[in-house]
2 protein chains.
Amino acid sequence: MAYLRIALAQDNPAVGDLSGNADLLLDRTRQAAERGAHLVVFTEMFLTGYPVEDLVLRTSFVDASIATVASAARRLAEEGLGGLPVVVGYVDRAGLAPRVGQPKGAPLDAAAVLYEGRVLMRTAKHHLPNYGVFDEYRYFVRGDRLPIFRLHGVDVAIAVCEDLWQEGGPVAVVGRAGAGLLVVPNASPYERDKDDVRLELVARRAREAGCALAYVNQFGGQDELVFDGDSLVVSASGELVARAGQFRSELLVVDLDLPLATAPVEPAAYDAGDGTTITVEREVLSSAPLSSEPTPAPIAERLDDAGEVYSALVLAVRDYVAKNGFQSVILGLSGGIDSALTATIASDAIGPSRVHVAMMPSRYSSDHSLGDAEELVRRQGVNSRIVPIADIVTAFEKEIALSGLSAENLQARVRGMILMGLSNEHGHLVLTTGNKSELATGYSTLYGDSAGGFAPIKDVPKTMVWELSRWRNAHTDPSFLLDCAAPIPENSITKEPSAELRPDQRDTDSLPPYEVLDRLLDDYVEKDMGSAELIAAGHDAELVARIIRLVDVAEYKRRQYPPGPKITPKNFGRDRRLPITNRWRESV
Amino acid sequence: MAYLRIALAQDNPAVGDLSGNADLLLDRTRQAAERGAHLVVFTEMFLTGYPVEDLVLRTSFVDASIATVASAARRLAEEGLGGLPVVVGYVDRAGLAPRVGQPKGAPLDAAAVLYEGRVLMRTAKHHLPNYGVFDEYRYFVRGDRLPIFRLHGVDVAIAVCEDLWQEGGPVAVVGRAGAGLLVVPNASPYERDKDDVRLELVARRAREAGCALAYVNQFGGQDELVFDGDSLVVSASGELVARAGQFRSELLVVDLDLPLATAPVEPAAYDAGDGTTITVEREVLSSAPLSSEPTPAPIAERLDDAGEVYSALVLAVRDYVAKNGFQSVILGLSGGIDSALTATIASDAIGPSRVHVAMMPSRYSSDHSLGDAEELVRRQGVNSRIVPIADIVTAFEKEIALSGLSAENLQARVRGMILMGLSNEHGHLVLTTGNKSELATGYSTLYGDSAGGFAPIKDVPKTMVWELSRWRNAHTDPSFLLDCAAPIPENSITKEPSAELRPDQRDTDSLPPYEVLDRLLDDYVEKDMGSAELIAAGHDAELVARIIRLVDVAEYKRRQYPPGPKITPKNFGRDRRLPITNRWRESV
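Keep in mind that what you see is a predicted model, and the values were worked out from it rather than measured.

K.L.:
Please give an account of the relation of the copies chain A and chain B that cites residues and values.
P.N.:
In the superposition of chain A on chain B (RMSD 0.0 Å, axial shift 0.0 Å), the rotation amounts to 180°. Overall, the copies show the geometry of a two-fold rotation axis. Identified as the residue of chain A closest to the rotation axis by C-alpha distance is A:Gln560, at 2.1 Å. The fraction of interface residues of chain A whose copies in chain B are also interface residues reaches 100%, indicating that both copies meet through the same surface.

K.L.:
Hey, could you go over the environment of A:Ala77 for me, with residue numbers and the actual values?
P.N.:
With respect to the element layout, A:Ala77 can be found in helix α2 (residues 59-78). With residues up to four places along the chain from it excluded, the contact list for A:Ala77 reads A:Gly82, A:Glu116 and A:Gly117.

K.L.:
Which residues make up the packing of helix α5 (residues 170-177) of chain A against helix α6 (residues 194-209) of chain A, and what values do they have?
P.N.:
All names here are of chain A. Between α5 and α6, whose axes approach to 7 Å, the crossing angle comes to 40°. Between α5 and α6, the angle is such that the two are oblique. Across the interface between the two elements, Val-171, Val-174 and Gly-175 from α5 touch Arg-205, Glu-208 and Ala-209 from α6. Among the residues forming the contact of α5 with α6, the class breakdown is 3 nonpolar, 1 polar and 2 charged.

K.L.:
Can you break down the interface of chain A and chain B residue by residue, with the values?
P.N.:
If you look at the interface, chain A gives 85 residues, while chain B gives 85 residues. Across the chain A to chain B interface the summed buried area is about 7500 Å²; carbon plus sulfur atoms make up 53%. Applying the counting criterion to the chain A and chain B interface returns 8 salt bridges. With a closest N to O distance of 3.5 Å, B:Arg58 and A:Asp528 form a salt bridge. Our count for the contact surface shared by chain A and chain B stands at 43 residue pairs in polar contact (both at pLDDT 80 or more).

K.L.:
Can you break down the pairing of strand β6 (residues 145-151) of chain A residue by residue, with the values?
P.N.:
Residue and element names in this part refer to chain A. With 6 of 7 residues buried, β6 is to be regarded as a mostly interior element. Relative to strand β16 (residues 277-284), β6 runs parallel, the two being bridged by 6 bridges. From the neighbouring strand, Phe-149 faces β16, where its bridge partner is Glu-283. Sheet topology note: the β6/strand β7 (residues 154-158) ladder contains 4 bridges and is antiparallel. Counterpart to Ile-148 in the pairing with β7 is Ala-157.

K.L.:
Please give an account of the sheet that holds strand β1 (residues 2-10) of chain B that cites residues and values.
P.N.:
Residue and element names in this part refer to chain B. Spatial strand order, β5-β4-β3-β2-β1-β14: 6 strands in an open sheet with mixed pairing. Among the strands making up the open sheet, the edge pair consists of β5 (118-124) and β14 (250-258). Neighbour-to-neighbour, the strand axes of the sheet open up by a mean angle of 35°, direction not taken into account. One ladder, built from 6 bridges, connects strand β4 (residues 107-115) with β5; its direction is antiparallel.

K.L.:
Run through the pairing of strand β18 (residues 355-359) of chain B, naming residues and quoting values.
P.N.:
Residues in a regular strand point their side chains to alternate faces of the sheet. Residues and elements named next belong to chain B. The element β18 is extensively covered by neighbouring structure, given that 4 of its 5 residues are classed as buried. Here strand β17 (residues 329-332) runs beside β18; their pairing, made up of 4 bridges, is parallel. What sits directly across from Leu-331, in β18, is Val-357. A crossover connection joins β17 to the parallel β18 through helix α8 (residues 337-350); in handedness this β-α-β unit is right-handed. The parallel pair β18 and strand β19 (residues 383-386), bridged by helix α9 (residues 367-380), forms a crossover whose chirality is right-handed.

K.L.:
Please provide a residue-by-residue account of the sheet that holds strand β20 (residues 429-430) of chain A, values included.
P.N.:
Residues and elements named next belong to chain A. With respect to topology, 4 strands assemble into an open sheet ordered β19-β18-β17-β20, the strand pairing being parallel. Strand pairing shows two members of the sheet lacking a second neighbour, β19 (383-386) and β20, which therefore form its edges. Two strands pair when backbone bridges link them, and strand β18 (residues 355-359) and β19 are joined in this way by 4 bridges, in the parallel orientation. In the sheet register, Met-359 faces β19, and the bridge partner there is Ile-386. Strands β17 (329-332) and β18 of the sheet are contacted by helix α8 (residues 337-350), whose axis makes an angle of about 165° with β17. The sheet contacts of helix α11 (residues 404-426) involve β17, β18, β19 and β20, and relative to β17 the element is tilted by about 165°.

K.L.:
Run through the packing of aromatic side chains, naming residues and quoting values.
P.N.:
On inspection of all chains with the given rule, the structure shows 20 aromatic pairs over all chains. Measuring from centroid to centroid gives 4.3 Å for A:Tyr320 and A:Phe454, while their planes differ by 20°, and the two rings are stacked. With A:Tyr320 in helix α7 (residues 305-323) and A:Phe454 in the loop between α12 (436-441) and α13 (462-473), this pair connects stretches of sequence that are 134 residues apart. Overall, A:Tyr320 belongs to the buried group, its relative accessible area being 5%. For the ring pair A:Trp584 and B:Phe61, a centre distance of 4.9 Å and an interplane angle of 85° mean the geometry is edge-to-face. Highlighted residues: A:Trp584 in the segment after α18 (555-559) and B:Phe61 in helix α2 (residues 59-78), drawn from two different chains. Using a relative accessible area of 9% as the deciding quantity, one classes A:Trp584 as buried. With relative accessibility at 0%, the residue B:Phe61 sits in the buried group.

K.L.:
So what about the side chain of B:Glu438? Which residues, and what values?
P.N.:
Residue and element names in this part refer to chain B. Tracing the backbone through its elements, the reader meets Glu-438 in helix α12 (residues 436-441). Despite being buried, Glu-438 has no salt bridge partner; Lys-462 is the closest side chain of opposite charge, sitting 6.0 Å away. If we skip the residues at most four places from it in the chain, Glu-438 touches Asp-338, Tyr-443, Ser-444 and Asp-449.

K.L.:
How would you summarise the confidence of the model for chain A if you had to cite specific residues and measurements?
P.N.:
A residue-level look at chain A finds 100% of positions with pLDDT of 70 or above and a mean pLDDT of 96. Across the interfaces of the predicted complex, the ipTM metric reaches 0.95, alongside a pTM of 0.96.

K.L.:
Now, about unusual backbone geometry: what can you tell me, with residues and values included?
P.N.:
Residue and element names in this part refer to chain A. A cis geometry characterises the amide bond from Tyr-50 onward to Pro-51, with omega recorded as -5°. With respect to the helices and strands, the residue Pro-51 is situated in the loop between β2 (39-41) and α2. One non-glycine residue, Glu-53, lies in the positive phi region at around 55°. Inspection of the secondary structure assignment puts Glu-53 in the loop between β2 and α2. Residue class for Glu-53 comes out buried when judged on its relative accessible area of 10%. Here His-152, not a glycine, exhibits a phi torsion of approximately 45°, which is positive. Relative to the helices and strands, His-152 resides in the loop between β6 and β7.

Reading guide: rules and limits
Residues numbered from 1 in each chain as written. Chains lettered and ligands numbered in written order. Predicted model: local features only at pLDDT ≥ 70, side-chain atom pairs only at ≥ 80, totals over all residues. Heavy atoms only, no water. Least-squares fit on C-alpha atoms with pLDDT ≥ 70 in both. Contact = heavy atoms within 4.5 Å. Helix = DSSP H or I, 4+ residues; strand = E, 2+ residues; numbered from the N terminus. Axes fitted to C-alpha atoms, helices over the stretch in contact; angles between N-to-C directions. Parallel < 35°, antiparallel > 145°, perpendicular 65-115°, else oblique. Nonpolar A, V, L, I, M, F, W, Y, C, P; charged D, E, K, R; others polar. Buried area = accessible area lost by both parts, 1.4 Å probe. Salt bridge = Lys/Arg side-chain N within 4 Å of Asp/Glu carboxyl O. Polar contact = N/O pair within 3.5 Å; in protein donor to acceptor, adjacent residues only side chain to side chain. Buried < 20%, exposed > 50% of the residue type's maximum accessible area, 1.4 Å probe, protein only. Pairing = 2+ DSSP bridges. Right-handed = clockwise from strand over helix to strand, strands pointing away. Phe/Tyr/Trp six-rings, centres within 6.5 Å; stacked < 30°, edge-to-face > 60°. Lys, Arg positive; Asp, Glu negative; His and termini not counted. pLDDT = per-residue confidence, 0-100.

In C-alpha cells:
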C-alpha cells in the first residue's frame, strides 16, 4: 500500500469568467500545497463554468478555454506548483471534420492533468446526458479515452460526471485496466434527496471499479440550477471516507492508503460494454511510494430535508444577485406566506439591509395583511415602503372598463408595474413570489404577480412553502442564516391563503386543499401520469380532469415566467417542455 | 417499367389531436382513391402532430398514438379503402428495457404502412436531429430498419425526414437493397431559403439511392415553428417531377414510370455506413405491374423571398389564433412600421373584422403618429379605439417618483397593461409588435411593449420589416392576402424610426443605422462570430464591443418574451440558448 494525500476543490466557478476561474484554480492549488496534498482535483468544466450552453458552439469561446488550460499549467509552474498534479475540467475540441448532426466545432466536456508546466493528459466525458435539464448531445461529442497517471506508485484514473451514472464506458474499464484511485470531476445539480442517491451510486461504482473513488462537485447557483457540493470519497469497498459540506466552499483534504500499481504502462483498447471502445492511456509521474499515517478526514453532517431545500434557495438567490451584479432586491410583501418566505430567503441570502419590500394595499386588502407584513419588516429589519394602488387602479378604470377577473388582474399588474418602476429607478432585482402549485395551475397574473427577474420559490409546492417557513422559524443554523429567531410572523404561516383580489376571496374558493392539490400535481407533473393512472392512484376523477385542464392551459404563462431555482426532480423550466399549442387532453 | 400513381398529403395536423388527425387521414385517403392513386403518403408524426415535445415521454400519449394507428387501419378497411396502401407517421415505442440516459418509454418517431385493415410494416427515424430547434435525443431512440413493400411490381422504400439530411443510415442502404421509389414523410420547419437547399438535397439523395424520391412535408404553424409544405417528387436522376405549393393544403397526385423490382424478398442486414446495421424488411402487396400513360404533375411556382417570409408570418398567426381557440387579436398601433406591419399580417391572417387596435398616445406622441395609425385603420377596416395614457401615467407618478429611463418604461408598461386588460375583458390574443433587431439589443420594455401572447415579427430584423412592408404594399397575391392594395400608409414606411418615449427621440440617438446594425447582428447572432472575427469581417471595433454588450445583457428579457414564428436559421427561441448569468465577454 502507498500513502497519498488528495485535495478536492469544491468551488463556485463563474460561467464565462475564464480568467477569474483560472485565478481561483491557482489560489486553491497553493492552499492544497500548503496542506501537503499530492494531487488536487477540480470540478467538471471548472475553467469555463458549467453549464455554458450555446457558448460552447462559439469558436472564440472554445479557443479561450483551450488557451486558459495551457496558461494555467504554465502559471502553476511559474509559482513553483508544477510538481503538484492538478486535474481540472474545461472545454476542448475533438478535431473532427464538420458534418450534419454533429455539434459545431465538435466540443468536448474535457478534463486535463496539469503537471510541470504543461497539459500532460486530456480526456473527455463519454456519456452525454440528454434528459431532464441536460442537452449535451447538442453540445458535445463523446470522449473515448481513460487516462491513468502513476503518482507516487499509485495509478490514478479520471472519468467525468455522467460517466458514473450510465452503464459501460470508462468507469466500466477501470476495474479491468487496474487503478488504485478513480477521481471524478462533477457539475451535478441539486434536487431533493439526490445526496442519498449520489452516495449509493459512488459506492457501487467504487466496488465495480475495485478502487477508491473521489467525487468532487461544484456548488453555487447558475440561473435555474443550484449545485450543492457534497463532494465525497469512498474506499474500494464503498465505505464513506470523507464528505464535504453542502452549499459551501471547501477544500476537502483526504489521506488515503492505496494499492501500489502493477499494470504495464502501454496503452491498450478495451471493449467498454456499451458498444464502444475505450483507449487506456498511461503516464508515469512518480513511482516511489510514500508512507505515512493517514489522518482521518472530515465527514460533514447532512442538513435535514427542509434545511437542504432552504439552503439551496438561499444560495440560488445570493448567486443570482451577485453574479449578475445587483446590489439589492425588491419584492411585494402582502402579509401572505409566499412573499414572507421569499423575503426571508432574500434576507438570509444578501442581508436585510439590501432587501426592499413594497406593501401595496388595495381596497380588498384585509387589515391583518398590512399588519403581518409590517411585523415581518420589524423582525427582519428590511427596507419597506407603502404604495397604495387604489388611485392608479381608478385612473385605469377611467380609460377602460374592466370587470371580474380582468379587474382582479389589473390590481396584480399595477403592483407588478410599481415593482418594475422601483427596480428601474433604483437598480433592485425584482423577486417574484409565486410558488410551484400556483405556477402549475396558472393561478397568477401575467405581468402582475409573475413579474420579476428571479423567482426563488418557483419550484416549491405550496405545502412545502409552509414546511420551509416553519423550519426557518425554528433554526438559525446553518451559519449563513441571519441571527433572527422566527423571522416569519406566525400569522402569515397559519392564516388561510388568499390572493385578496376581491372581497373575502380564499384560494379554496376554486382549488382543493393544498395537501390534495400538491399530491395530484406531483403525480401529474413530476411523474407524468395520465388520467387513468391518476384515478387508479386514488385521485378524485372530477378533480383530475379539472386540474389537468388548468395545468395544460397555463403553459403560455409559464413560458414567460422568470427563472428560479430547481429543487425538485422536474421543474417548470428545461425539465418539462410542452407545446403551448396542444390539443392533447388526458381522458379516461 | 411499371406505372404508379402516388398521392402526397400535404396537410396541417394538430398537435395532440389524434382523433382529428385520424379523421383527416381518412378524408384524404378517400380523395386520393377518387383520384385513382395507388399509394398515399402522409407526413412525419401525422397522427400525433409534430413536434409534441415532452408529451412523447408520457405513457398515456404513446399508448393513444399506437391505438390510433391501428384503428385508422381498421377504419380505412371498413370504408373500403383497405386495398390502398397508406404510409403515415405516428409515435411508437421500441420496447427496450429502461436505462439511465434513454428516453422514458423508448419512443420511436415511427412510420407505418396501413394495408387491408392492419398495420403491415413499421419503421422509425434512424438519424435524430439534436441541433437548432431540435432535441430528439431527448425524445426518441433510433430506428434500425428499412421497410420495402412491393406494389404493382415496384419496390417502395420508406425513410423518415432527418434520414435524408445525415450521411449513412437507411437512405444509404436503399441503393444497395434496390428500390424503385423512396417515400419520405417529413416535418421540416421553414426558414429562409430552405426550399432551395431541400430540392438540392432530395435530388442528390435520389441519385445516390438510384430511385425516384417522394418528399412529403407538413404545412402550418405550431408555436414558434412554421412548416411550409413544399412537397416534391424527383426522378432517379434527380430531376424535379412535381412540386406542391407553399404554406397551403394540397393533395399532390403524381404519375410515375418506375423500374420493376428484381430483388429477392428475404430480409437482409446491411452496414449503414455510419457504424450501425440496418435490417431491410420486405413485403409483397402486389406483383403484377400496371401500365398507363403518365399525366404530367403540377410544379407549383415558388414565392419570391419576401413573399415567402410574409406568407410564413401570416400562416403562423392564423394557426396560433385558430389552434389556441382565439376569436380575435389586439395590438397597440403607434403609427410606426413595426405595429403597422403586425396589424397587416393579422388582417391577412384572420381578416380585419377580427383585428382590434388600440392607439395609446402619450404626451410625447407626435401628431403624425396618430394620423398614420388612423390612416391604416381606414385602409384595412380593423376595429380601433383610442386610449390616452397620460392620466394613468400621472397617477403612477403620484405614488412613486420615476425619472429618465424608468419614466419611459412606465409609459410602455401602461400601454402593455391596457392591452392585457382589454385582452382579459374581451378574449383577444395580444400580439406583440417587436422586431428581431430590438429583441437582440434589448430595446424594449419588459411587460411593456414586449407584453403579449404571440409576437409575429420577433424573428424579423428591422431592415426586413421595411422590405416586407414594401412587398406587401405591392402585392395582393398569394390568394390568402386581403384584397387591399397598399394596406400600410407610406409615411409609416418612410419616416425615421422612433419609440416616442421622450421628446424628439430617434432610434439613431443610441443605435447605428439599421443596415449597419442588422449586418452586425446577423454575424454575431446567426453566425456566432467572436469579436476578432467580427472586426476582421469589417465591422467597426467600437460598435462591435457596444452591440455585443447590448445583446448579451438583454438575455433575461428575451427569456420572458412571447413566442413568435421562426423564419431565420437562428431565432431567439430554442435555436439560441445562452445563460443569463454569464460573465463571458467577447474581446479582441
